[in-house]
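# A closer look at the structure
The lines below spell out each chain.
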Amino acid sequence: MAPQHPEEGEWGGVAKRRKAATATDVSMELDILDCPVCYHPLRPPIFQCSVGHVACSSCCANLPDRCHSCSTTGYNRCYIMEHVVDSTKVPCLYGNLGCTKKITYYEKEDHEKVCPHGPCFWPETDCSFCGSTSMLHEHFASVHMWHCIRLSYNKAFRFRVAQGSTVLEGEDGHLFLVNMVLEPVGGVISLFSIQPNITESNFKCKLAVSCPEMSYSQVSQFQMRSTNLFDGLPKDRFLFVVPKVLLRDTSTNATASVSVSVSVTLIPP
Ligand SMILES: [Zn+2]
Ligand SMILES: [Zn+2]
Ligand SMILES: [Zn+2]
Ligand SMILES: [Zn+2]
């Protein structure tokens, strides 16, 4: 007799495998997976009263020992509901921006906060772009015909910062925005990491300008702020103010520029 896979002979095993193969798409009202008390998604451990009313663990801890719905006393673990929430996968909100992840329903919000496909915007009023950072990159190149300035990390390089916004691309494809606005005191320069999630960025930068003829030099070093540019440029950013006397072409506001040495460092995690 040919050796049999232990499961092969069991009807239960075959049925299980068939189900696993077919149970891919279901539709359901997702609010049944929310705690009826606090309305947050249920996540294990989940509890139920003897009648079957469920509640999340933190609501159970905060409620008196009485069901929120029917007032019977005592709660027990509801393992079947835990299996249901663990196996309910939903697509990421940013599927149309390139995220193909299917996430457990109760982890959806956490994922979307850090999803690398979350949207970025463009701070200038002449463009209403909204898309992922890779789309932003593509948009600059094809619609605005801009070429990104490439930069290598940990290496100072000099380039001419002009009035308005310019995009820099790191060696790993990460995008940065350099912005200069002309104020009565001079050119106010800021530099950001463009990323969908507004967290601390993993980049430090060092900006320097110098003018040997005037025996002037100025250096500033800071951890870059990250932004998705939704509200334009972040208000709480570091500013690098270059004295007006060092700017070139300040006759019309649109052409002012200054040569700045920029060095970007990736902070190890
Ligand atoms: Zn709750
Ligand atoms: Zn109840
Ligand atoms: Zn995602
Ligand atoms: Zn545009």
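Residues numbered from 1 in each chain as written. Chains lettered and ligands numbered in written order. Predicted model: local features only at pLDDT ≥ 70, side-chain atom pairs only at ≥ 80, totals over all residues. Heavy atoms only, no water.

### As for the overall build of the protein chain
Which entries qualify depends on this criterion: Runs of H or I in DSSP of at least four residues are treated as helices and runs of E of at least two as strands, each being numbered from the N terminus. Residue contacts are counted whenever heavy atoms from the two residues lie within 4.5 Å of one another. To measure how exposed things are, a 1.4 Å probe is used in the Shrake-Rupley method; for residues, cover is taken only from the protein chains shown.
A count of helices and strands for the protein chain gives five helices and 16 strands. Of the contacts formed within the protein chain by residues at least 6 apart in sequence, a portion of 49% connects residues at least 24 apart. Surface exposure of the protein chain reaches about 16,000 Å², of which carbon and sulfur atoms provide 55%.

### Topic: the pattern of salt bridges
Rules: Note on definitions: salt bridges are taken to be side-chain nitrogens of Lys or Arg within 4 Å of carboxyl oxygens of Asp or Glu. Only protein chains enter the accessibility calculation, which uses a 1.4 Å probe. A residue is then buried if its area is under 20% of the maximum for its type, exposed if over 50%, and partly exposed in between.
Summed over all chains, the structure comprises four salt bridges. Residue K108 pairs with E112 through a salt bridge whose shortest N-O separation is 2.8 Å. One end of the pair, K108, and the other, E112, are both in helix α4 (residues 108–114), four residues apart, so they sit about a helical turn from each other. A relative accessible area of 22% means that K108 is categorised as partly exposed.

### A few points about the side chain of T166
Mapped onto the secondary structure, T166 falls in strand β10 (residues 164–170). Judged by its relative accessible area of 18%, T166 falls in the buried class. Contacts of T166, omitting those with residues within four sequence positions, involve I149, F176, L177 and V178.

### Considering the coordination of the zinc ion (ligand 3)
Let me state the cut-off plainly: Note that water is not among the atoms considered, so a metal site may appear incomplete; the donors listed are N, O and S atoms within 2.8 Å of the metal, with 3.2 Å applied to Na, K and Ca. Every angle between 85 and 135 degrees makes a four-donor site tetrahedral, while opposite donors more than 155 degrees apart, with all other angles between 65 and 115, make a four-donor site square planar and a six-donor site octahedral; other sites are irregular.
The zinc ion (ligand 3) binds to the protein through C92 (SG), C99 (SG), H111 (NE2) and C115 (SG), with metal-donor distances spanning 2.1 to 2.3 Å. For the zinc ion (ligand 3), the four donor atoms are set out with angles of 105 to 112° between them, so the coordination reads as tetrahedral. Take C115: its relative accessible area is 0%, and that puts it in the buried class.

### Structural notes on the nonpolar core
Here is the rule we go by: Buried Ala, Val, Leu, Ile, Met, Phe, Trp, Tyr and Cys residues that are joined via side-chain atoms within 4.5 Å together make up what is termed a nonpolar core.
With 27 residues, the main nonpolar core has F176, I189, L191 and V264 as its most contacted residues. Every element with two or more residues in this core is listed here: β9 (157–162), β11 (175–183), β12 (186–194), β13 (200–211), β14 (216–227), β15 (240–243) and β16 (257–266). Top contributing element to this core by residue count: β13, with five residues.

### A word on the sheet that holds strand β1 (residues 46–48)
Put simply, the rule reads: In this description, strands pair whenever DSSP reports at least two bridges between them. All axes are obtained by fitting lines to C-alpha atoms, using only the stretch in contact for helices, and the reported angles, taken between N-to-C directions, cover 0 to 180 degrees.
Taken in spatial order, the three strands make up an open sheet running β2-β1-β3, and their pairing is antiparallel. The open sheet is flanked by β2 (54–56) and β3 (76–77), the only strands paired with a single partner. Where β1 and β3 come together, two bridges link them in antiparallel fashion. Paired with F47 across the strands is R77, a residue of β3. Running at roughly 140° to β1, helix α3 (residues 79–87) makes contact with β1, β2 and β3 of the sheet.

### What about a negative patch on the surface?
Put simply, the rule reads: Two distance rules govern patches: like charges are joined within 9 Å, and nonpolar side chains (Val, Leu, Ile, Met, Phe, Trp, Tyr) within 5 Å, applied only to residues with over 30% relative accessible area and no salt bridge. Residues counted as positive are Lys and Arg, residues counted as negative are Asp and Glu, and His and the chain ends are not counted. The atom standing in for a charge is NZ when the residue is Lys, CZ when it is Arg, CG when it is Asp and CD when it is Glu.
Together, D86, E107, E109 and D110 give the surface a local cluster of negative charge. For E107, the position within the fold is in the loop between β5 (102–104) and α4. The exposure class of E107 is partly exposed, given its relative accessible area of 36%.

### Points about the confidence of the model for the protein chain
Caution applies to low-pLDDT parts of the model: their predicted coordinates are not meant to be read in detail. Stated formally: As a per-residue quantity, pLDDT reports the predictor's confidence and falls between 0 and 100.
Taken as a whole, the protein chain shows an average pLDDT of 85; of its residues, 89% reach a score of 70 or greater. Under a pLDDT of 50 for its full length, residues 1–10 has, in the predicted model, six contacts with residues more than four places off or in other chains.

### A closer look at the pairing of β14
Pairing analysis gives three bridges linking β12 to β14, with the strands arranged parallel. Within β14, the position partnered with I194 by the bridge is T227. Pairing analysis gives nine bridges linking β13 to β14, with the strands arranged antiparallel. Across the sheet, residue K204 finds its bridge partner in β14, namely Q223. Counting the residues that bridge the hairpin from β13 to β14 gives four residues, and of these S215 lies at a positive phi of roughly 50°.

### Regarding the pairing of β13
Strand direction decides the pairing type here: β13 and β16, joined by six bridges, are antiparallel. Within β16, the position partnered with L207 by the bridge is V262.

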